[in-house]
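Residue-level structure breakdown
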Amino acid sequence: MQMNYETSRLVLRILPQTAAGQVLRFYLDNQEIFEQCEPERPKNFYTEEFQRTLLHCEYHLAVKQSAVRFWVFEKNSEQQVIGTVSMQNIRRGPYQSCELGYKFDHRFWGRGYARESIYQAVSVAFDDMKLHRIEALVLPDNLPSQRLLEALGFHKEGIKKQSVLLQGAFRDHEVYALLAG
């Protein structure tokens, strides 16, 4: 697995801790939207120090292929993070699977960047990392994400009841999966 990948319009990169300011700006610019569908953040999450520590940890997890987070940039504008695509909970042995996560700056929605980035991440997971199965969890009311996953070949498998604590309540998530080959 490489630390950088390119698509026709984008760069996907595992970032060093020196990029903490860029990552913090991405989170601050999208805080209101992201917090509606993600677990509660630690109080110091929105600090450069926290992001620096997180990037340091993510880099080492990527080297071990335990978890991989690519930060997404437009090719001609690599100073602004426009999104992230991650492969979490990578399970080896008989499973060879992971969970896919993604989020994009709301100012870049509707341009096909999420689709292009996820397509590249799927290629990395199957071709470079030799995984067999990718799962994605989606809130039942997130129709754009469901359509995106279906367009990429993911199939809805069912619902995980009360699977994630969001804003003080456990919420159901639909399970989508894509298999290699």
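For the structure given in this document, a descriptive report is provided here. (Residues numbered from 1 in each chain as written. Predicted model: local features only at pLDDT ≥ 70, side-chain atom pairs only at ≥ 80, totals over all residues. Heavy atoms only, no water.)

1. What to know about the overall build of the protein chain
Threshold: Numbering of helices and strands runs from the N terminus; a helix is a DSSP stretch of H or I covering at least four residues, while a strand is a stretch of E covering at least two. As a reference, a globule follows 2.2 Å times the number of residues to the power 0.38, and the radius of gyration itself is taken over C-alpha atoms. Any residue under 20% of the maximum accessible area for its type is buried, any over 50% is exposed, and the rest in between are partly exposed; the area is computed with a 1.4 Å probe on protein chains only. Contact between two residues is taken to exist if any of their heavy atoms lie within 4.5 Å; hydrogens are not considered. Per-residue and other accessible areas were derived by the Shrake-Rupley procedure at a 1.4 Å probe size, with only the shown protein chains allowed to occlude residues.
A tally of helices and strands in the protein chain yields five helices and eight strands. In sequence order, the secondary structure elements of the protein chain are arranged as β-β-α-α-α-β-β-β-α-β-α-β-β. Relative to the compact-globule value of 16 Å for 181 residues, the protein chain shows a C-alpha radius of gyration of 16 Å, a close match. Viewed in the frame of its principal axes, the protein chain has a C-alpha envelope of about 40 × 40 × 35 Å. Taken over 181 residues, the protein chain has a buried fraction of 41%. Partitioning the intrachain contacts of the protein chain with sequence separation of at least 6 by distance along the chain shows that 60% fall at a separation of at least 24. With an accessible surface of roughly 9900 Å², the protein chain has 49% of that area assigned to carbon and sulfur atoms.

2. Regarding the nonpolar core
Note the following rule: The definition of a nonpolar core used throughout is a set of buried Ala, Val, Leu, Ile, Met, Phe, Trp, Tyr and Cys residues joined through side-chain atoms within 4.5 Å.
In this structure, Val 68, Phe 70, Met 87, Leu 100, Ile 134 and Phe 154 are the most contacted members of the largest nonpolar core, which totals 35 residues. Contributing elements (two or more residues each) for this core: strand 2 (10-13), strand 3 (68-74), strand 4 (83-91), strand 5 (97-104), helix 4 (113-128), strand 6 (133-138), helix 5 (143-151) and strand 8 (169-179). Sort the elements by how many residues they give to this core and helix 4 lands first, with eight residues. The contacts of Ile 134, once residues within four sequence positions are left out, are Cys 98, Leu 100, Val 122, Ala 125, Phe 126, Phe 154, Tyr 176, Ala 177 and Leu 178. With 15 residues, the next largest nonpolar core counts Leu 24, Phe 26, Tyr 27 and Phe 45 among its residues.

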